[in-house]
Amino acid sequence: MNTPKKRNFKIEAFKHRVEVDPKYAEKTWKVLEHAIHEIYNHNASGLSFEELYRNAYNMVLHKFGDKLYSGLIATMTLHLKEISKSIEAAQGGLFLEELNRKWGEHNKALQMIRDILMYMDRTYVSNNNKTPVHELGLSLWREHIIHSENIRSRLLNMLLEQIYRERTGEMLSDLGPSVYQEDFEKPFLEVSASFYSGESQQFIECCSCGEYLKKAERWLNEEMERVTHYLDPKSEPKITSVVEREMIANHMQRLVHMENSGLVDMLVNDRYEDLGRMYSLFRRVPDGLSTIRDVMTSHLREKGKQLHLLDEKDKYDKIIGSSFNNDKTFLNALTSSFEYFINLNGRAPEFISLYGVSEEDVEAVLDKVMTLFRYLQEKDVFEKYYKQHLAKRLLYGKTVSDDAERSLIVKLKTECGYQFTSKLEGMFTDLKTSQDTMQGFSAGQGPEAAGEGPAIVVQVLTTGSWPMQPSAACNLPAELLPVCERFRAYYLGTHTGRRLSWQTNMGTADLRVAFARNQRHELNVSTHQMCILMLFNSADRLGYREIEQATEIPAADLRRCLQSLACDVGDDDAFFVNDAFASKYYKVKIGTVAAQKDSEPEKQETRQRVEEDRKPQIEAAIVRIMKSRRVLDHNNVVAEVTRQLQSRFLPNPVVIKKRIESLIEREFLERDKADRKLYRYLA
Amino acid sequence: MHKLARGHRDKIQQFMMITGAGDKVALQALKASDWHLDGALDIFYSHPQIRGVIDSRRLEELYQRYKDPYGDMIMVDGITQLCSDMQVDPQDIVMLVLSWHMKAATMCEYSREEFIGGLQSLGVDSLEKLQEKIPALRTELKDEQKFREIYNFAFGWAKEKGQKSLALDTAIGMWQLLFAEKNWPLVDEWCQFLQVRHNKAISRDTWSQLLEFAKTVDPSLTNYDPEGAWPYLIDEFVEHATQNVLAPRR
């Protein structure tokens, strides 16, 4: 390349060859300037591309790129200003037409100019980090036309108005993929939001839920169409979320709960299409589906209280299948509602006793329970819940109607066989036996024991018969230890070879407490609570950790006990007796903050135990079947196992498969060497 | 030997050179053929047991070379030495084939019976002969039936003594090795799937069924039969693969 020194030489050299003088640049430029004018005036046909190209080339070569470039800018600007004026002058509808026309012309001109100045684009522009010609043309257009104050606001308003009109049913003149900029979108979204807000408000007042949803769906589709045709694709998600928010999210509760047309009405009347629409619209907004699920679940629970729920099971299966896309979360909600009822129905005796139902009615209620029971696929789940609740009722003395309990058990025995109820009867037996034991114990104590220390009533539970897991005892207060020991000695004296362990998580205690100002009360508390309270006989103030250490009550339990005795419990809290405690009644029962029986974690646990129990049952069935058939293919094994177990529960084919594999592993079965789908029994 | 005539001695040398057998074998064969070399060779090749029985001394020597100093087994050191002498990588699959011939109970050890019995069945009594056998061993992997036997053998051989199942890491290593021969395209995805989702030991049934799976189901899983009584792990793998990995391929 030429260096400054050499340049002089070069020019000298050229001077001889191509008459370059200082005015050359100016002359050349003038030619080009003229050409640009002609191009803008639609007179390009008279121009020679080759000549113009050469001129531009020479200018750049001779280091007059700057002049060329700045000249270009000046000339285009001049023209654009004129164009701007002509557009501004256009009236009404012609405004957009004129704008569009001038835009087209500018583009054509720009292309020609770019071609002529290509050498400059390639060398001067890139070497000097300037904007290339085409882009320059666009940005000048933007600067002088679009951003010109008059045009800009008119343009914006026009576009918005056009869209508004189109939304309300009028046709939009086809703009084509014309001018679209960043600061169009923001006001566009704001205007849209207020449009939809208004429309939705209007419609929700006068439409039914189904009609409203139809309208919302229509609008959503239209917006998406509009975006594809007129707007930048980047705007799509933004405008969609505006519509979703204004039309759906803001009105969710109202829609779902609408009288005579809301979700409940749709469910009751099997409006599959409406339900499907609600599902697909609500799924677009946060919490949409959970809103539907919650309303559905509470509706089911309400309905179910009338013990008619199982009639509805098919119906809901169908709804979830056809309208709710077989959504797993809905299926789960349905199952848990049913489990809620299984549970509820297992507590039918509780309700009977609570409401003091008469003799005949008891029978009727129980019969209804049995009918439902027969429809249950998962009878073993029912059994688990039923046993747990019965055990609690028996232990805490909540059974008011012993007969009702016994009657239900008899019915279950008839239905399910001896095995189902044998353990239940074991529970009743334990209680009776304990009564006898207590009589023997008290009689044997002698008069001197009567005045000493606290009195206890013990129920001895046989481990296998009760659904609870045995747990470790906490530290009982010293005052209790002698009498506990006496009982233990008495019991083991009459029953050799047995082991007793105190279940402190299950007992109760009656405490007589003297508060300040001679307030005396008898508090009925749990054993754990008693242990905690007794600590305060020898200390005024105790920290959480001290209580924990002294009683050795497991943390979760401890927290709940303290919560029921105090208000809020933290690890670093200290506790002291509220001497100012007062109550109207002499006897006060302090409940424990409920462990939320049948809360989710507990339900999971029960479910898991049921699943574990099923495994050996499935295996036993497989072995029985294979033993008798010797050789059987996979599908038939599954079918037979299912048939054998269906009176208890519906086994999952995947679980059956896993059990088969486990049996293969343990060499009870093998696969046939020739046909891998066949199993053989190994003697 | 010293009683032999010169011509006989030559024939013995020749016989040994051609067959690679030992001198005792050569003597026996030539005597039986009345010192006709061709006849002796004929006898030798049609009576393979000749090779074995007589050379048990050499086999014993070989065994002694590799056996552990403190026990009557060839252990890791011995095997390493053996591989080195054979000029074979201990990770080479040919060692698996060799172990299969030996009916070795567990990897990284050979009992006396296994070692000697195995070599005998191969008709080998020296290191050189063993080395010569290597290409033939490799070829056995190409045979469908033999590959299946070797594959199934590998399970018992690779697992820990006394364990019923094969540790996952070992299983993956073996699968990589074996399926490199078979060229099963899904081996990596299978191994990855197991590490993420299963992370437990592999049962024998799963092991053996996997080979059937690799042979019968094509890599795009289009002909997979969900009613096909495949082990559940394979069912899960197919579900996983059709959701994740294969989707982009389609």
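Residues numbered from 1 in each chain as written. Chains lettered and ligands numbered in written order. Predicted model: local features only at pLDDT ≥ 70, side-chain atom pairs only at ≥ 80, totals over all residues. Heavy atoms only, no water.

For chain B, an unreviewed UniProt entry supplies the name Defective in cullin neddylation protein and the organism Spirodela intermedia. In its Function (unreviewed entry) section, the UniProt record describing chain B reads: "Neddylation of cullins play an essential role in the regulation of SCF-type complexes activity." (UniProt positions renumbered as here; feature names shortened; annotations may be inferred.)

By the naming in an unreviewed UniProt entry, chain A goes by Cullin family profile domain-containing protein and is assigned to Spirodela intermedia. Of chain A, the UniProt comment under Sequence similarities (unreviewed entry) reads exactly: "Belongs to the cullin family."

Undergrad: Mind showing me how you'd approach the overall build of chain B here?
TA: Of regular secondary structure, chain B possesses 15 helices and two strands. Here chain B holds 250 residues, and 47% of them are scored as buried. The long-range share in chain B, meaning contacts at least 24 apart out of those at least 6 apart in sequence, stands at 62%. As displayed, chain B offers around 13,200 Å² of accessible surface, 50% of which is attributable to carbon and sulfur atoms. (Helix = DSSP H or I, 4+ residues; strand = E, 2+ residues; numbered from the N terminus. Buried < 20%, exposed > 50% of the residue type's maximum accessible area, 1.4 Å probe, protein only. Contact = heavy atoms within 4.5 Å. Areas by Shrake-Rupley, 256 points an atom, 1.4 Å probe, with all protein chains shown as cover.)

Undergrad: Could you clarify how one ought to interpret the pattern of salt bridges in this entry?
TA: A side chain with one charge may pair with a side chain of the opposite charge, provided their charged atoms come close. Residues and elements named next belong to chain A. Going through the model one piece at a time under the given rule, you end up with 41 salt bridges over all chains. A salt bridge links Glu-26 to Lys-30, with the shortest nitrogen-to-oxygen separation between them at 3.9 Å. Pair noted here: Glu-26 and Lys-30 are both in helix α2 (residues 22–40), with a separation of four residues, about one helical turn. Glu-26 gets classed as partly exposed once you look at its relative accessible area, which sits at 33%. Among the salt bridges present, the one from Glu-217 reaches Arg-277, with a minimum N-O distance of 3.1 Å. In this pair, Glu-217 is assigned in helix α10 (residues 209–230) and Arg-277 in helix α14 (residues 272–282), connecting sequence segments 60 residues apart. (Salt bridge = Lys/Arg side-chain N within 4 Å of Asp/Glu carboxyl O.)

Undergrad: Sorry, what's going on with the nonpolar core here?
TA: Looking at soluble globular proteins, one finds that nonpolar side chains tend to be buried together. Residue and element names in this part refer to chain B. Phe-115, Trp-175, Trp-190, Trp-207 and Phe-213 are the most contacted members of the largest nonpolar core, which has 69 residues in total. Counting contributing residues, this core receives three or more from each of domain 2 (56–140) and domain 3 (144–249). For Phe-213, the residues in contact, after removing those within four places along its chain, are Trp-184, Leu-221, Tyr-224, Trp-230, Ile-234, Phe-237 and Val-238. (Core = buried A, V, L, I, M, F, W, Y, C linked by side-chain atoms within 4.5 Å. Domains from an automatic or database assignment.)

Undergrad: Sorry if this is basic, but what is going on with the interface of chain B and chain A here?
TA: Where interface size is given, it is often the accessible area lost as the parts come together that is meant. If you look at the interface, chain B gives 17 residues, while chain A gives 13 residues. Taken together, the two surfaces of chain B and chain A that pack against each other cover about 1,300 Å², and 43% of this comes from carbon and sulfur. Of all residues in chain B, the largest losses of buried area upon contact with chain A belong to B:Asp205, B:Ala229 and B:Tyr232, amounting jointly to 43% of the total for that side. Between chain B and chain A we count three salt bridges in total. The salt bridge involving B:Asp225 is made with A:Lys677; its shortest N-O contact spans 3.6 Å. In this structure, the connection of chain B to chain A is made through nine residue pairs in polar contact (both at pLDDT 80 or more). Elements with a minimum of two residues in the side of chain B that touches chain A: α13 (204–216) and α14 (232–243) of chain B. No other element matches the five residues that α13(B) contributes to the side of chain B that touches chain A. Partitioning the side of chain B that touches chain A into residue classes produces four nonpolar, five polar and eight charged. (Buried area = accessible area lost by both parts, 1.4 Å probe. Polar contact = N/O pair within 3.5 Å; in protein donor to acceptor, adjacent residues only side chain to side chain. Nonpolar A, V, L, I, M, F, W, Y, C, P; charged D, E, K, R; others polar.)

Undergrad: Can you walk me through the packing of aromatic side chains in this structure?
TA: How two aromatic rings sit relative to each other is given by the distance of their centres and the angle of their planes. All names here are of chain A. Throughout the structure, instances matching the rule amount to 30 aromatic pairs over all chains. An angle of 35° between the planes, with centres 6.0 Å apart, marks the rings of Phe-49 and Tyr-53 as tilted. In this pair, Phe-49 and Tyr-53 both sit in helix α3 (residues 49–61), four residues apart, roughly one turn of the helix. Phe-49 sits in the partly exposed class, given a relative accessible area of 48%. In this structure, Lys-215 packs its charged tip against the face of Trp-219, placed 4.9 Å from the ring centre. Sitting above the plane of the Phe-330 ring, Arg-293 keeps its charged end 5.5 Å from the centroid. (Phe/Tyr/Trp six-rings, centres within 6.5 Å; stacked < 30°, edge-to-face > 60°. Lys NZ or Arg CZ within 6 Å of the ring centre and 35° of its normal.)

Undergrad: Could you clarify how one ought to interpret helix α11 (residues 168–182) of chain B in this entry?
TA: An α-helix turns once per 3.6 residues; consequently, residues spaced three or four apart project the same way. All names here are of chain B. The terminal C-alpha atoms of α11 lie 20 Å apart, and with 15 residues this matches the ideal 21 Å at 1.5 Å per residue to within 8%. By the burial criterion, the buried members of α11 are Leu-168, Ala-171, Ile-172, Met-174, Trp-175, Leu-178 and Phe-179. One side of α11 carries all its buried residues, which in axial view fall inside an arc of 165°. For α11, the exposed residues lying more than 90 degrees away from the buried face are Asp-169 and Ala-180. Where α11 ends, the next residue or the one after it, Asn-183, has phi of about 60°, a positive value. (Expected span 1.5 Å × (residues − 1). Arc of directions from axis to C-beta.)

Undergrad: What should I look at first to understand the side chain of A:His634 in this one?
TA: Secondary-structure assignment places A:His634 in helix α29 (residues 634–645). Non-local contacts of A:His634, meaning those with residues more than four positions away in its chain, are made with A:Lys657, A:Ile660, A:Lys677, A:Tyr679 and B:Ala229.

Undergrad: Would you mind going over the sheet that holds strand β7 (residues 669–671) of chain A with me for this structure?
TA: Strands pair in a sheet through their backbones, by hydrogen bonds, and they do so in one of two ways: parallel or antiparallel. Residue and element names in this part refer to chain A. Pairing in this open sheet of three strands is antiparallel, and the strands run β6-β8-β7 from one edge to the other. On the outer flanks of this sheet lie β6 (631–633) and β7, each paired with one strand and no other. Direction aside, the axes of adjacent strands within the sheet are offset by 30° on average. Pairing of β7 with strand β8 (residues 678–681), which is carried by three bridges, proceeds in the antiparallel orientation. Looking at the pairing, Glu-670 lines up with Arg-680 of β8. (Pairing = 2+ DSSP bridges. Axes fitted to C-alpha atoms, helices over the stretch in contact; angles between N-to-C directions.)

Undergrad: Looking at this structure, I do not really get the packing of helix α20 (residues 379–395) of chain A against helix α21 (residues 402–416) of chain A. What am I missing?
TA: Helix-helix packing is described using two parameters, namely the angle between the two axes and the distance between the axes. All names here are of chain A. Contact pair α20 / α21: the axes reach a minimum separation of 13 Å and the direction vectors enclose 155°. Here α21 runs roughly antiparallel to α20, going by the angle between their axes. Of the two elements, α20 crosses α21, and the hand of that crossing is left-handed. Residues Phe-382, Tyr-386, Leu-390 and Arg-393 of α20 form the contact with α21, whose participating residues are Glu-405, Leu-408, Ile-409 and Leu-412. (Parallel < 35°, antiparallel > 145°, perpendicular 65-115°, else oblique. Left-handed = near helix turned anticlockwise from the far one by under 90°.)

Undergrad: Mind showing me how you'd approach the confidence of the model for chain A here?
TA: Regions with low pLDDT carry predicted coordinates that are not meant to be interpreted in detail. All names here are of chain A. Residues with a pLDDT of 70 or more make up 83% of chain A, whose mean pLDDT is 80. The low-confidence segment residues 1–19 (pLDDT under 50) makes seven contacts with residues lying over four places distant or belonging to another chain. Note that residues 169–182 has pLDDT below 50 and, in this model, 18 contacts with residues that lie over four places away or in other chains. (pLDDT = per-residue confidence, 0-100.)

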